[in-house]
Amino acid sequence: MSSLPRRVKSEAKALTSEDDELPSFLNSSSESEEEEEEWEPKSKIAKRPRLPKKNEAKTKKVAAPRSAVARKKVKKAAIKEEMVSIFSMPFWQDVSLPVAPAEVNKMQLLEPKEEDVGTKPKTLNQKPEVPKKMEINSFQGKKVKSLENDEEPSTSVPVAGNQVKHEKSEEDFAFDEPPFKKIKSTTCPEGKPVKNLGGNKVKEEFEMNWDIVQALSEITNVEPWVCANLIRLFQEENTIPFIARYRKELINNLEADALREVQQTLEELRTVAKKTHTMIQKLKKEGKLSGCLLTALLNCRTLEELDHVSAPYKTGSKGTKAQRAKQLGLEPAALSLLQNSMELNLFSYIRPNTKGLSTIQEVEAGVQHILADIFAKDKDTLDFIRKLCQQRYICIQSGLAKVSSKSGNEKDIDKFQLYHEFSCNIKNIQHHQILAINRGENLKILTVKVNIPDGVKNEFCWWCVNERWRPKQFLKPELMRILRNSVEDAYKRLIYPLLCREFRSKLTSDAEKESVMMFGRNLRQLLLTSPVRGRTLMGVDPGYKHGCKLAIISPTSQILHTDVVYLHSGQGFREAEKIKRLLLQYNCSTVVIGNGTACRETEAYFADLIMKKYFAPLDVVYCIVSEAGASIYSVSPEASKEMPDLDPNLRSAVSIARRVQDPLAELVKIEPKHIGVGMYQHDVSQTLLKATLDSVVEECVSFVGVDINICSEILLRHIAGLNANRAKNIIEWREKNGPFINREQLKEVKGLGPKSFQQCAGFIRFNQEYIKTFCRMTCPFFISDSSKKAELGSHALLTKAGTQGKKKSKPTPCASRQPNPLDQTCIHPESYSIAMRFLSFIGGNANDIGKSDMQQKVNAVIQKEGLEGTAKKLNTTVHTLQLIIDGLTQPEGFDIRTDFDKPDFKRSIVCFEDLSVGAVLTGKVENATPFGVFVDIGVGKAGLIPVRNITEAKLSKVKKRRSLGLGPGERVEVKVLNVDIPRLRITLDLIRVL
């Protein structure tokens, strides 16, 4: 996994999903939102027609010319062949996008001009000119006939030599082919950002007055050309692990966290656009849509703005004060006050028998309400007040609610003691403080308000009366009084509540996103904990009344024995004999204890026996692991299917042991939110939390990779491009046909099409020794000579073509059963041809992958030619070449998790009373939050390292870090700063990371 110092700073506007529970402050609205929107069936809402999908467009365009040409004119065979070559291109090419040179434009996406590299990106309004010959707009409804004169787009990887092949096998949809036409790029070397060929304009289903690329770039601080590329990549259903590993040149080497942030922001912007157009259609149908209202709606970028603009037009029984005044016919009077006040006579609007018009005071109040509504909906007015607030001290305050102080749980009230009299500038408040305040408010323990100084109101009112809404003619004193009252009413009743909601909504949204991101970082660190292989383990699920459940598993995760012992009911000595007998019988010297109920007592029990050398001659050690989610998993359908004959209580002990043996394979069986490494996880958007955590799990499983022939169905589900059905089909194919021999056989699995194959192929591994043994036993055509096999593999990879448009023939047993050494690497099949040419370039052999000879040959060539020079000779990018080099030089069975920490094994225990200020201890990080890191130092209570004590100088320089912080599983050396025995609180200082 790539880990770079680059971080994307989020400045996203707050968006709240409809499906999530809203905080209480969002439920309170101003008077402009008195009534809810009337529901209408979706079928009645007119929608813009969607653009045709690529596959559909291809089928329609190709089908008719093929049949017509075959029947009528033979002389158009050449044209047909050219068209077929375009529409039968590999699935990962988008013929609707601009063409770019070779590997740089695998997806034919955008990259900046060379002179823009390292400088501030240009604005999106500057549209580069695109040569007409380089455009193939199948999405724009372009006729097939127009393709005859267009140049054919190049594929991602050209083959050695100058041959140009117009036909390609249908089953070779993921492999690289020579380019049809090359674009000369002398000033833009491959592997670096190249000329922006297509412009940053992206066609969206719902058009707004703002450009989605520019908006996305401003919110996420990502370059516009990268945002444009990502929009297209996500539209083509590419997964984040695939993009992060195999499309680095198109995303400026962004890491997975940044890609997730861009994806979430993009969905938020699209949600705003979709709801805006739904509202426009509704208002148009009701006859309420005016030109000014349409412009105001299309200018909205957040749901708060949309709700504010559309609130007066929502159908309801009462309507707003301004709407009721308009119904009484007072709107002309209000407009006349601003534009032609000399002819205004309010007394002419008095109707003695009409409620709301019976007196001059009621008429003035109605005019005032209309004017206040106009002021509060004006874009310039809102922009001014927002800018004014940015320059002033705005604070958020919380206090103890009167109701909770009289009747409430004192324990719950004490939890929020810090926020009983709390005040902080909204620019400086921390994310965890916002979440704590929101929780206290939801529990009715705290009251919260946003304090905007009176100076803001005074300056705003003066600006409105004297500048923005200054009357065109002289106003009489009584009319000037109405204008001033209208401005004050607009601020107090409409604008101030809007600002409060916006501030709190943005603070909450940012805090939720940070909480979710922190949860994702902790989860990644936990999933990538280094596995403990080659050991027989005893898992212990502690308990009092129902005893401690034991499970002994083999180095291959097979269950050897299960039992129950009662260590804390006066039978400890007798049970010790049973435990010793089991450990000696299965030669088990490692005990894994869950951190649940009775963990401390169970740990002390084993530590005492170990110190007495009771288990001699075995040198027994133990470790503590989190058992979060183990109980939930033990009664799940997956556990019943995996361990049908085992009691649920014993399944949890098996799960605890396997969490040390292979944490990733075991933890993916549990819903991520139950693992318990987050902060305020129940208070954040559950939709956002689930999407992020599922994406992190997919990222971890994909980057680690899985052996397709031994992995479980649950693990397969989390590979990029796969789901539950596809994983089930893979397992059924494996059971029916035997083990997979190469990646090409994945195409034979039901439901696994070209796109799924492209996304998952690079993350699936094959054990070559096992496959060779199987092939020798079952395939008489198996080629055992390594040189012939390499020659055959290279020839097959470089010459696949010529069967396009014809019926696919079944491969011979020999061809389909030949293992490919590249399948054990992280190299994607689309880059196999480059890998084989690189092997030829360095004089290497595919069967030497992972050996020292391969490393020496690669180093010799790179030192002589350089990475960029070698990439140029192979006509590929530096990113792709580096990935190929990594795949060829990494030893067989390489695991990225070896760089992460292993569990902390120990033989003794430290008591809470033994702690003293200044003591130096080692521990393991349990959880990380924005305010500090909790460390397990073996005393039964985690200590806190405040965030101010975590500095860059104390962090390890060897490990690659995504951020300045620690994650679960890391071993640290700490010093005790304070011990609060009554409250069981320990404050620590970080010395160094081990």
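The rules behind the values
- Residues numbered from 1 in each chain as written.
- Predicted model: local features only at pLDDT ≥ 70, side-chain atom pairs only at ≥ 80, totals over all residues.
- Heavy atoms only, no water.
- Buried < 20%, exposed > 50% of the residue type's maximum accessible area, 1.4 Å probe, protein only.
- Helix = DSSP H or I, 4+ residues; strand = E, 2+ residues; numbered from the N terminus.
- Pairing = 2+ DSSP bridges.
- Right-handed = clockwise from strand over helix to strand, strands pointing away.
- Axes fitted to C-alpha atoms, helices over the stretch in contact; angles between N-to-C directions.
- Parallel < 35°, antiparallel > 145°, perpendicular 65-115°, else oblique.
- Contact = heavy atoms within 4.5 Å.
- Nonpolar A, V, L, I, M, F, W, Y, C, P; charged D, E, K, R; others polar.
- Polar contact = N/O pair within 3.5 Å; in protein donor to acceptor, adjacent residues only side chain to side chain.

Looking up the chain in an unreviewed UniProt entry gives the name S1 RNA-binding domain-containing protein 1, with the organism given as Aptenodytes forsteri.

Draft legend 1. Structural detail: the pairing of strand β8 (residues 621-625). Counting buried residues along β8, 5 of its 5 residues qualify, which places the element largely inside the surrounding structure. A two-sided burial pattern is seen for β8, the buried positions comprising V621, C623 and V625 on one face and Y622 and I624 on the other. Pairing geometry for strand β7 (residues 590-594) and β8, over 5 bridges, is parallel. What sits directly across from G594, in β8, is V625. Tracing the backbone out of β7, into helix α20 (residues 599-611) and back to the parallel element β8 gives a crossover that is right-handed.

Draft legend 2. Summary view of the environment of C424. You can see C424 is positioned in strand β2 (residues 421-425). Overall, the relative accessible area of 14% leaves C424 in the buried class. Spatially, the C-alpha atom of C424 lies 5.6 Å from that of I396, the residues being 28 residues apart in sequence.

Draft legend 3. Quick peek at the pairing of β7. With 5 of 5 residues buried, β7 lies mostly within the body of the structure. Because side chains alternate across β7, one face comprises the buried residues T590, V592 and G594, and the other comprises V591 and I593, equally buried. As judged from the 4 bridges shared by strand β4 (residues 537-541) and β7, these two strands associate in the parallel manner. Its bridge partner lying in β7, L537 is registered against T590.

Draft legend 4. Expanded view of the packing of helix α5 (residues 224-235) against helix α7 (residues 256-286). Following both chains from N to C, one finds α5 and α7 inclined at 80 degrees, their axes separated by 11 Å at the closest point. Taken as axis vectors, α5 and α7 run roughly perpendicular relative to one another. Only L259, V262, Q263, L266 and R270 of α7 make contact with α5, whose side of the interface consists of L230, I231, F234 and Q235. For the contact of α5 with α7, the residue count by class is 6 nonpolar, 2 polar and 1 charged.

Draft legend 5. Quick peek at the side chain of T692. Checked against the element boundaries, T692 lands in helix α25 (residues 686-704). Among the polar contacts made by the side chain of T692, one reaches the side chain of Q264 at a distance of 2.8 Å. At a separation of 2.9 Å, a polar atom in the side chain of T692 contacts the main-chain carbonyl oxygen of L688.

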